[in-house]
Amino acid sequence: MTHNPAQSTTTHHTHAARKQQKLREREEALRRIEKKRHDRALAVAAREKKRETASQATILTLPVTSIVPPVPQARLHLRHRLSFVSFIIIVLGTSLFVSWYLWERAADRYTSIAGFAVHSEDMNSPVELLGGVANLSGSGAADEEVLYQFIQSQHLVEIIDKSLNLRKIWSPPQRTLIRFSATTPLVRSRI
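Residues numbered from 1 in each chain as written. Predicted model: local features only at pLDDT ≥ 70, side-chain atom pairs only at ≥ 80, totals over all residues. Heavy atoms only, no water.

Novice: Whenever I open this one, the overall build of the protein chain confuses me. Can you help?
Specialist: When helices and strands are tallied, the protein chain shows 6 helices and 2 strands. When the elements of the protein chain are put in sequence order from the N terminus, they spell out α-α-α-α-α-α-β-β. Burial status across the protein chain gives 2% buried among its 191 residues. Taking all contacts inside the protein chain whose residues are at least 6 apart in sequence as the whole, residues at least 24 apart take part in 36%. Total accessible area on the protein chain is roughly 19600 Å²; 61% of this is exposed by carbon and sulfur atoms. (Helix = DSSP H or I, 4+ residues; strand = E, 2+ residues; numbered from the N terminus. Buried < 20%, exposed > 50% of the residue type's maximum accessible area, 1.4 Å probe, protein only. Contact = heavy atoms within 4.5 Å. Areas by Shrake-Rupley, 256 points an atom, 1.4 Å probe, with all protein chains shown as cover.)

What follows is the structure, given as structure tokens:
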């Protein structure tokens, strides 16, 4: 096979022409696509605008009122200062005073009060109901009096003192000072 240069140049020209034509067709297709996108965007914007104008027609307009001037900046007045001082005195002052008293002055002592009642199962006679003549005689001590005298007696205090050491419980607390000495490492003395 022989190679013909004239035929080769024609083929080359037709190939280049087809290539150019394909490029033009592609560009036209892209322009058409872009135009369709642009038209769609315009149509969507027009629909939105139409919807917006339709919704604005239903909104009621209120009459315009005059604008009130702004309020001046607040300042501290005497009543504000007095409120703060009364808070300090009433709340913090009493809290500090009570705390100081409980920490420094009050002793760790507790008190309790006990009471008792004695019930007897004596059957009263019907005569006593009429006037209580039997109670006027004053003879015999009631059970309550006997029990009360025992609780107040010295004998009971001695019994409790043996088991609890009442003198130590009810004596004032003793403070202990720790003194350091050169000869002894640690010396405690009672005040």
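Novice: Explanation requested: unusual backbone geometry in the structure shown.
Specialist: The bulk of non-glycine residues show a negative phi, and the bulk of peptide bonds are trans. Non-glycine residue asparagine 165 carries a positive phi angle of around 60°. Tracing the sequence through the fold places asparagine 165 in the loop between α5 (154-164) and α6 (166-170). Of the residues examined, asparagine 165 reaches a relative accessible area of 38% and is grouped as partly exposed.

Novice: Sorry if this is basic, but what is going on with a nonpolar patch on the surface here?
Specialist: A surface patch of nonpolar side chains, about 850 Å² in accessible area, is lined by Phe84, Val85, Phe87, Ile88, Ile89, Ile90, Val91, Leu92 and Leu96. Looking at where isoleucine 90 falls in the secondary structure, it is placed in helix α2 (residues 78-105). (Patch = residues over 30% accessible without salt bridge, like charges linked within 9 Å, V, L, I, M, F, W, Y side chains within 5 Å. Salt bridge = Lys/Arg side-chain N within 4 Å of Asp/Glu carboxyl O.)

Novice: Is there a simple way to explain the pattern of salt bridges in this structure?
Specialist: A side chain of one charge can pair with a side chain of the opposite charge when the charged atoms of the two come close. Per the counting criterion, the structure on display carries 4 salt bridges. Its salt-bridge partner being arginine 31, residue glutamate 27 comes within 3.8 Å of it at the nearest N-O pair. Remark: arginine 31 and glutamate 27 occur in helix α1 (residues 5-58); sequence separation between them is 4 residues, near one turn of the helix. Residue class for glutamate 27 comes out partly exposed when judged on its relative accessible area of 43%.

In short, the description is geometric, and any link to function would need to be established separately.
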